[in-house]
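Now for the letters of each chain:
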Amino acid sequence: MGRYRIGVATGAWLFSGSHNRVQLWLVGARGEARLELRLRPARGQEEEFERDVPKDLGPLQFVKLRKHHSLVDDAWFCDCITVRGPGACEEATFFPCYRWLQGQDVLSLPEGTARLAGDNALDVFQKHREKELKERRRLYCWATWKEGLPRTIAAERQDDLPPNSRFHEEKRLDFEWALKAGALETVLKRVYTLLSSWSRLEDFDQIFWGQKSDLAERVHHCWRDDELFGYQFLNGANPMVLRRSASLPSRLVLPSGTEALGAQLERELQSGSLFEADFSLLDGIPANVIQGEKQYLAAPLVMLQMRPEGKLLPVVIQIQPPSPSCPAPPLFLPSDPPLAWLLAKIWVRNSDFQLHQLQYHLLNTHLVAEVIAVATMRCLPGLHPVFKLLIPHIRYTLEINTRARSQLISEGGIFDKAVSTGGGGHVHLLRRAMAQLTYSSLCPPDDLAARGLLGIPSALYAHDALRLWEIIARDDVVRGDPELQAWCREITEVGLCQAQDRGFPASFQSQSQLCHFLTMCVFTCTAQHGAINQGQLDWYAWVPNAPCTMRMPPPTTKEDVKMATVMGSLPDIRQACLQMTITWHLGRRQPDMVPLGHHKEKYFSSPKAKAVLSQFQTDLENLEREITARNAQVDLPYDYLRPSRIENSVTI
């Protein structure tokens, strides 16, 4: 009994408010009270009310909401409810919501303290979490996009998704505007080059305008340099292929007359300064046919030398692996005719484009993040501390992936129109990559150690990834319980298609194992995606540096490589324009970008959990200063893992 002060906060997104009337109940341990409010929530506003309740409700457990409508169901996005009970010093009780209210069903919001599952079936919170999960499993169903690949949300297009997984209106408008702006830019470039020649590398300058970064300009001027070629394996758009050589690759057959090369490779191997990037995963993948013209793929191997000053330089390139039915493939060297050596490097960059986009970007971040998102929605109720921890890191992921499957990698999509692995080859490649998707490959301490990249001063991605992993791993606020075990099984056995044999846990046996798995989830959805996604605009805007497709087969001799060979191999104007448009669209900073750890939603209410998040933000700020100071001392700054540039979830 007494006076209650109620605060109702509405989201700031377009159309978050509602013209419908909202009804509210307070539910305590000793009773509930229906409050007569004339609430019509307004976008971005917090409205406060005071009401007298004639009976003692006890400690508040739930707030119940119901939205009434007469003619039109005007959806409402509720951020949260706060309630101050009787007594001047009574601390506010917090009820997080952050979801849409549609229809006239009653929505129960539990008090914001994180709670694990209990054994008491009569417990009101236990009943609530069971009811919530039953409804979520109805809304969030698994589907198979392609056999042999991670399972996805059951949605053919974005309109099929649950409302709380959709883009907010500003995000949707920006996404669709950017697509239209990119399409218009492509048309303008096509018109501009309609009567122009396309026979020299400089002719790509005709389309190198519009949205581009300072680093893209530098790539434009320096892309032929061996130093920049090697640098990209350490700190470019795809720092995931390079590894330190433990022995000379068996596929590297040295013909007679290359004894000096063999001796050099052996010296570098013994000194620990020999590295390799092997693209054998592409061997035998069927190439695309675009507008009746056959495209080509290769599976190159490049051996690189780490110089004492930290520069990584290519030593030899083998464009195709040996085949019993073909003559030994030529080895391309820096001392070869310049165009032959340049074309060999272009082939490597094209292969890196394929693995980057499909294996390390689409599969290892987007599809893994989707599995985490669906499993989280199906297995963890809103009261669970792991749900509260993860929910900011799965924002927009289901919609961006659904759009990718319907527009980017679908039949007739962007990959089919412009990429040499399109037309079905991309699915073959993804299936091969799935076999290499191990648990350790998603955990930088294990992955970087396995690739021999620890302790290299010029390996900036490796350094920053390890620091971020350490910071995220401190965010440890939970312990094991049955709901967590079900969540773990859902990820490993269902979403990742029985991935136990690739090291993924099917259950948690210890606190440290759980913490490691949670760190992998958060790192994959945030930092790793940031490292893999952001570089597209910088490194792919100048198309010759990373061509999306190749239109002639790899050279079999060095002497016959002319400028006509190089230009005939690179993407044509239409393909090049499309590559520039898509990489700008996918690589640009998002207008509603939420930096890592700085989401506005407050899912936790306990002081301990809030202190953990505050320390997490402090650690990120310290790392930000470290990276900024480091970047001021290097010739080519590495920014992709600067915390202020890392998106809090996979949103693009």
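So, here is what we can say about the structure in this document.

Cut-off values and rules
Residues numbered from 1 in each chain as written. Predicted model: local features only at pLDDT ≥ 70, side-chain atom pairs only at ≥ 80, totals over all residues. Heavy atoms only, no water. Core = buried A, V, L, I, M, F, W, Y, C linked by side-chain atoms within 4.5 Å. Buried < 20%, exposed > 50% of the residue type's maximum accessible area, 1.4 Å probe, protein only. Helix = DSSP H or I, 4+ residues; strand = E, 2+ residues; numbered from the N terminus. Contact = heavy atoms within 4.5 Å. Disulfide = S-S within 2.5 Å. Pairing = 2+ DSSP bridges. Salt bridge = Lys/Arg side-chain N within 4 Å of Asp/Glu carboxyl O. Phe/Tyr/Trp six-rings, centres within 6.5 Å; stacked < 30°, edge-to-face > 60°. Lys NZ or Arg CZ within 6 Å of the ring centre and 35° of its normal. Axes fitted to C-alpha atoms, helices over the stretch in contact; angles between N-to-C directions.

Of all hydrophobic cores here, the largest spans 161 residues; its most connected members are Phe233, Trp487 and Trp539. Here the element with the most residues in this core is helix α6 (residues 338-379); it accounts for 24 residues. Not counting chain neighbours up to four residues away, the residues in contact with Trp487 comprise Ile372, Ala375, Thr376, Cys379, Leu380, Val386, Leu390, Phe508, Phe517, Leu518 and Cys521. Membership of the second largest hydrophobic core comes to 25 residues, among which are Val22, Leu37, Val53 and Leu60.

Under the counting rule described, the total for this entry stands at zero disulfides. For the unlinked cysteine Cys521, the closest cysteine sulfur is that of Cys525, found at 6.6 Å.

Regular strands place their side chains on alternate faces of the sheet. When you tally the buried positions in strand β5 (residues 60-68), you get eight out of nine residues, the bulk of the element. As paired elements, strand β2 (residues 21-28) and β5 share eight bridges and run antiparallel to each other. Following the sheet pairing, Gln23 is matched in β5 by Arg66. Direction of pairing for β5 relative to strand β8 (residues 106-110): antiparallel, over a ladder of five bridges. By the bridge assignment for β8, Phe62 is matched with Pro110.

In this structure the tally under the stated criterion is 41 salt bridges. The partner of Arg3 in a salt bridge is Glu50, and the shortest N-O contact between them spans 3.0 Å. Linking Arg3 in strand β1 (residues 2-10) with Glu50 in strand β4 (residues 46-53), this pair joins segments that are 47 residues apart in sequence. In this structure, the salt-bridge partner of Arg200 is Glu202, at a minimum N-O distance of 3.9 Å. Among the residues examined, Glu202 registers a relative accessible area of 38% and is labelled partly exposed. Beyond isolated ion pairs, a larger network of salt bridges with shared partners links Arg157, Asp159, Arg166, Glu169, Arg172, Glu176, Glu399 and Arg403.

Turning to the packing of aromatic side chains, a few remarks are in order. All told, the structure shown has 19 aromatic pairs when counted by the stated rule. Their ring planes at 65° and their centres at 5.8 Å tell us that Trp469 and Phe523 sit as a pair that is edge-to-face. With a gap of 54 residues between them, Trp469 in helix α12 (residues 460-473) and Phe523 in helix α14 (residues 511-533) connect regions that are remote in the sequence. The pair Trp469 / Phe523 is uniform in exposure class, with both members buried. Put simply, the rings of Tyr439, Trp487, Phe504, Phe508 and Phe517 touch in pairs and so form one group of aromatic residues. It is Lys171 that lies over the ring of Phe167; its NZ or CZ is 5.3 Å from the centre. Directly above the ring of Phe332 sits Lys558, whose terminal nitrogen or CZ lies 5.8 Å from the centroid.

In spatial order, the strands read β3-β2-β5-β8; together these four strands make up an open sheet with antiparallel pairing. The two strands at the open ends of the sheet, each matched to only one other strand, are β3 (31-39) and β8. Pairwise comparison of adjacent strand axes, ignoring direction, gives a mean angle of 20° for this sheet.

With that out of the way, let us pick up the pairing of β1. The sheet contact formed by β1 and β4 spans eight bridges and is antiparallel. Bridging across to β4, Arg3 finds its partner in Asp52. Judged from the six bridges that link them, β1 and strand β6 (residues 76-84) form a sheet pairing that is antiparallel. Bridging from a neighbouring strand, Ile6 pairs with Val83 of β6.

Next up on the list: unusual backbone geometry. Phi is positive for Tyr396, close to 70°, though the residue is something other than glycine. The topology assignment puts Tyr396 in the loop between α7 (385-390) and α8 (397-408). Phi is positive for Cys497, close to 60°, though the residue is something other than glycine. Structurally, the position occupied by Cys497 is in the loop between α13 (482-495) and α14. Cys497 gets classed as partly exposed once you look at its relative accessible area, which sits at 32%.

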